[in-house]
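A closer look at the structure
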Amino acid sequence: MRPIVTVIFLIFYQLLPAQKPVILSDFVQEVGISDMQLQFLDDPTCSVHPNELFSGMMDQNFKLVDFSDPDPALMNSQEGSCIWFRFHFANHSTRQFSFHLQHNDISEFDEYKLYQMFDNGVVTVRTSGNKLHPSKKDVNISGSDDLRIFLSPGKSDTLYLRVTMGPESILSDLTFTVSTQHSVLLHDRSKRLVFGIFTGILLIMILYHIPLFVRGRESSYLYYILYILAFLFFFINKEGYVYELIPRLITAPITIFLLEIFLLFYLLFGRSYLDTRNTLQSWDTILLIAVWFTIGGLILNFAIILLQGMGVDIAFFIELGGFAIMIVSAIGCLFLAIVPAMILTRENFQPARYFLFANLFLILGIATNYALADYTFGKHALELGVTLQILTFSIGLSERINLLKKSREVAQRRIIDQLKENAALKDKVNRELEDKVQERTFEIQAQKEHIEKQNKEIKYSFDYAKKIQNTVLPGNEIFETLFGEHFIFFKPRDIVSGDFYWISQRDHRIVLTAADCTGHGVPGSLMSMLGITMLHEIVNEKGVMNSEEILNQLRLSIARTLKQEGKIGEQKDGIDMALVIYDTQTRQLQFSGANNPIYIVRNGEMLEYKGNNMPVAYYEKMSDFTRYTIDMKQGDRVYMFTDGFPDQFGGPQGKKFKYRPFKDLLLEVHGRPMEEQHRILNLIFDEWKGDLSQIDDVLVIGLRL
């Protein structure tokens, strides 16, 4: 029976239009199948049986495929109908090979069935397609729809492929390729190797930045981690590895949904990294609008996925709307994130440069991926671009954190300038006593007793004044409760001091100031008591919690109390001070200063925030005080001081200590425990002063946040 069938087949085959065979050989790893090598049969009801094809009964119904002049039956196929394709293969290889029949990615169909009859009459069926579970596909590699072909060397054979049309099947762009199984597996191994390296780099970056986020609670790190994760999920889906485990849902916009998530975290990361809320407020509003627009696209696509999963037909314009939102989001995200970065780069905001370079790598990767898609480098250009982008982002994050630390460390080199005059009064009294003893021999004893009594009374008054002042000054336990690790290096020149420090807490905000009143000793201490009283009224009674407003109101109170109107001969008393407000919830620090700065040491670098160049008093050139808002990091050291330490005379040449050595001293000791820093400052001050007198009150406050 078999010879008869073969003869009939050969007769009909000669009557058909010539179909060029697809030549397979040892030297060609991949062969494209052109129009003239492919024939088709329209089967609208899917009723044609493979035996009818192999028997030759349907040969006269096959037509050559010519997409330059496509047959209407090909172009107008309906969902659920079938198309048969016939291939004629000639294996010219000298060794046994297995081949894969592959279609292009654009043409997707519900089901493929490849029929091959062997010499013994057995017909094999190999199946694949979108509606088939990956575990049941003939080849399960990255969700591919490959079908295997087995053809002995030197043999020719005709195979039939039945394609079941789906809702998104496109025949106009259909192409077929035959590749050796070795080349398919080799390509898959290289693809998985690149994917593994790329995934490993992303996971390393995630694991590296998670501890940094946990320690610093910096939102940029969190959005950066989520940005990497979003792209990783998008890339896994894009490469088809998800479909090796679960069925492919071709109608569900999974890819668009994952891309929307990726774009959302890109926007959030860019907004946090560039700190547009503080640096570019107008652009920050636009970025927020873009964020909510992208969230709207996410919600729409998620709803489409749920409805399609439940079998609900979605109107085409709704799906098109979801896709359009994704396109607009992608273009808008890139534009909105890059333009603020360019503006900040022109303003010398260093981290913005890294942001620009990182996005340039991504753009080059995308462009190369599309331009060189047929080359190995082009296929992996997107992974390379994203890798370089993420590495650049990481470097930029480190630079951004370092800049923040520097700006806070520079503000810690002027807190030791004003602590040296109370002891001078006592020395003066003693010297006068000695002079009078020498001059008055007859009254020496009486005068001595009188002076000693007077000295005791003065000493008692000073001691009592010191006790009152110490009572008003906040105790160490308050600092211990509010700040934990700290030190207060307080060294009045006389018994009482014109320098003072004051602290108050309101809800989760802490107000702290280090102040230097005009004068020292008794006048200075009276002025300090006046300043403490006014600060209490402004902060605790009026509830003012803005650093610059506190100084503005304190200036008005001092001018009103001392009747300062700018007239010639009136009192010029005032206060130089640094005032901070620390929010324990947001970890933000407000700072305003009158002639005094603060220093912040972060990661071994010092940041300096300078106050306004005017005292808290009536001044010929007055303006509102400036407020700085600083985001604090875990482990930051904050130093507040008066001018007593830098202005102290001493050393080998009897010169001032000065601010630069004072900054270097704080930077050198900042890593030590606060108690040890206090001991070192005390030791350095005494060694520098030597036998010289202390010229001013000294106050240095150190905090570790």
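Residues numbered from 1 in each chain as written. Predicted model: local features only at pLDDT ≥ 70, side-chain atom pairs only at ≥ 80, totals over all residues. Heavy atoms only, no water.

1. Quick notes on the packing of aromatic side chains
To keep things clear, this is the line we draw: A pair of Phe, Tyr and Trp rings is counted when the ring centres sit within 6.5 Å of each other, with Trp represented by its six-membered ring. The angle between the planes then sorts it: under 30 degrees is stacked, over 60 is edge-to-face, the rest tilted. Residue exposure (1.4 Å probe, protein chains only): buried if accessible area is under 20% of the type maximum, exposed if over 50%, otherwise partly exposed.
This structure, assessed with the given rule, holds 34 aromatic pairs. Taking the centre distance of 5.8 Å and the plane angle of 15° together, the rings of phenylalanine 87 and phenylalanine 89 count as stacked. Accessibility assignment for this pair places phenylalanine 87 and phenylalanine 89 in one class, buried. Members of the aromatic cluster, joined through ring pairs, are Phe198, Tyr224, Tyr227, Phe231, Phe262, Tyr266, Phe269, Tyr273, Phe355 and Phe393.

2. Some words on the pattern of salt bridges
Pairs can form between side chains of opposite charge once their charged atoms are near each other. Threshold: We count a salt bridge whenever a side-chain nitrogen from Lys or Arg sits within 4 Å of a carboxyl oxygen from Asp or Glu. Secondary structure elements are taken from DSSP: a helix is a run of H or I of four residues or more, a strand is a run of E of two residues or more, and numbering for both begins at the N terminus.
Counted under the stated rule, the structure contains 12 salt bridges. Across the pair lysine 663 and glutamate 608 runs a salt bridge, and its minimum N-O distance is 2.7 Å. A residue pair is termed long-range when its members are at least 10 positions apart, and lysine 663 in helix α18 (residues 659-669) and glutamate 608 in strand β19 (residues 605-609) qualify at 55 residues. Overall, the relative accessible area of 10% leaves lysine 663 in the buried class.

3. A look at the environment of threonine 158
The test is simple: Polar contacts here mean pairs of N or O atoms no more than 3.5 Å apart (in protein, one a potential hydrogen donor and the other a potential acceptor; neighbouring residues in sequence count only if both atoms are side-chain atoms).
Along the chain, threonine 158 turns up in strand β10 (residues 156-164). For threonine 158, a relative accessible area of 9% gives the class buried. Only 3.1 Å separates the side chain of threonine 158 from the side chain of histidine 88, close enough to count as a polar contact.

4. Notes on unusual backbone geometry
Even without being glycine, arginine 587 reaches a positive phi, approximately 55°. Position of arginine 587 relative to the elements: it lies in the loop between β16 (575-583) and β17 (588-594). Despite not being glycine, asparagine 603 has its phi angle at roughly 50°, a positive value. With respect to the helices and strands, the residue asparagine 603 is situated in the loop between β18 (598-602) and β19.

5. Describing the sheet that holds strand β11 (residues 176-180)
Inclusion rule: Two strands are counted as paired when DSSP detects at least two bridges linking them. Note on geometry: axes are C-alpha line fits, over the in-contact stretch for helices, and angles between N-to-C directions span 0 to 180 degrees.
Spatially, four strands are ordered β2-β11-β6-β9 in an open sheet, and the strand pairing comes out antiparallel. Lying at the two open borders of the sheet, with one neighbouring strand each, are β2 (30-33) and β9 (147-150). Adjacent strand axes in the sheet meet at a mean angle of 25°, parallel and antiparallel pairs treated alike. Summarising the sheet, β2 and β11 pair through four bridges and their orientation is antiparallel.

6. Quick notes on the confidence of the model for the protein
Selection rule: Residue-level confidence of the predictor, termed pLDDT, takes values from 0 up to 100. Whether two residues are in contact is decided by their heavy atoms, any of which lying within 4.5 Å being enough.
Here the protein shows a mean pLDDT of 80. Residues at 70 or above account for 82%. Note on residues 1-16: pLDDT is under 50 here. Beyond four places in sequence and across chains, it has 16 contacts.

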